[in-house]
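Examination of the molecular architecture
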Amino acid sequence: ADIYSFGIIIWQTISLKVPFPDFLEERDLVAKVFNQGHRPDIDPTWSELIQSLMRCCWTPLIKERIHAATCKHMLKMELRKHRGGDETGLEHSSRRRSTFY
C-alpha cells in the first residue's frame, strides 16, 4: 500500500490535481479503487518513465508492485534527463543534511 500511495503522490505532484474528486463517500472510494482497480488517468504527455513508474506503483497485485529502491532509481534517471546529465545533489549521503543549503 505504501508504494501505491507513493504513486498517487507523484501523480498529484505532476498533475496538480486531487485524485478521485468524484468519490465523496468512503464506500465509493473502496468500491472503485480497491475492488474495481480504478486509477487516476495518466497524462500521455508525461515522460514514458514517469508513466511507467506510476503504473508499476499501481499494479493490482501488491507482490508485483515496484520496490522503493527502484522508484528512487527511476526518479533519479528522470531528474538526470531534465538536468542534462547533471547529478549534482542526487548522490546519497549517509549523514543527515539540511535540504536548504
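What comes next is a walk through the structure. (Residues numbered from 1 in each chain as written. Predicted model: local features only at pLDDT ≥ 70, side-chain atom pairs only at ≥ 80, totals over all residues. Heavy atoms only, no water.)

A word on the overall build of the chain
Scanning the chain from terminus to terminus reveals four helices and zero strands. Across the chain, helices and strands are ordered from the amino to the carboxyl terminus as α-α-α-α. Taking all 101 residues of the chain together, the buried fraction comes to 30%. (Helix = DSSP H or I, 4+ residues; strand = E, 2+ residues; numbered from the N terminus. Buried < 20%, exposed > 50% of the residue type's maximum accessible area, 1.4 Å probe, protein only.)

A few points about the layout of surface pockets
Volume-wise, the largest pocket comes out at about 180 Å³. The wall of the largest pocket is formed by 14 residues, among which W11, F20, P21, P40 and D41 lie closest to the centre. (1 Å grid on protein atoms, 1.4 Å probe; cavity = no way out; pocket = protein on both sides within 12 Å on 5 of 7 lines; lining within 4 Å. Points joined across faces, edges and corners; volume = space filled by probe spheres on them.)

Points about the nonpolar core
Of all hydrophobic cores here, the largest spans 19 residues; its most connected members are L53, M54, C57, W58 and I66. Where this core is concerned, the elements lending two or more residues are helix 1 (2–15), helix 3 (48–57) and helix 4 (68–82). If we skip the residues at most four places from it in the chain, C57 touches I3, Y4, F6, G7, R65, I66 and C71. (Core = buried A, V, L, I, M, F, W, Y, C linked by side-chain atoms within 4.5 Å. Contact = heavy atoms within 4.5 Å.)

Section: helix 3
The α-helix winds at 3.6 residues per turn, so residues separated by three or four positions along the chain end up facing the same way. The set of residues buried in helix 3 consists of L49, I50, Q51, L53, M54 and C57. Each element contacted by the buried residues of helix 3 is listed here: helix 1 and helix 4.

Examining the side chain of E78
Take E78: it is sitting in helix 4. Those residues within four positions of E78 in sequence are excluded, and the remaining contacts are S47, L49 and I50.

Topic: the packing of helix 1 against helix 4
Viewed as axis vectors pointing N to C, helix 1 and helix 4 meet at an angle of 20°, and their least axial separation amounts to 11 Å. Relative to helix 4, helix 1 is oriented roughly parallel. Like other packed secondary-structure pairs, helix 1 and helix 4 cross with a definite hand, here right-handed. For the pair helix 1 and helix 4, contact is made by I3, F6 and I10 and by A68, C71 and L75, respectively. Among the residues forming the contact of helix 1 with helix 4, the class breakdown is six nonpolar, no polar and no charged. (Axes fitted to C-alpha atoms, helices over the stretch in contact; angles between N-to-C directions. Parallel < 35°, antiparallel > 145°, perpendicular 65-115°, else oblique. Left-handed = near helix turned anticlockwise from the far one by under 90°. Nonpolar A, V, L, I, M, F, W, Y, C, P; charged D, E, K, R; others polar.)

Some thoughts on the side chain of S15
Relative to the helices and strands, S15 resides in helix 1. Polar contacts involving the side chain of S15 include one to the main-chain carbonyl oxygen of W11, which spans 2.8 Å. At 3.2 Å, the side chain of S15 forms a polar contact with the backbone nitrogen of K17. (Polar contact = N/O pair within 3.5 Å; in protein donor to acceptor, adjacent residues only side chain to side chain.)

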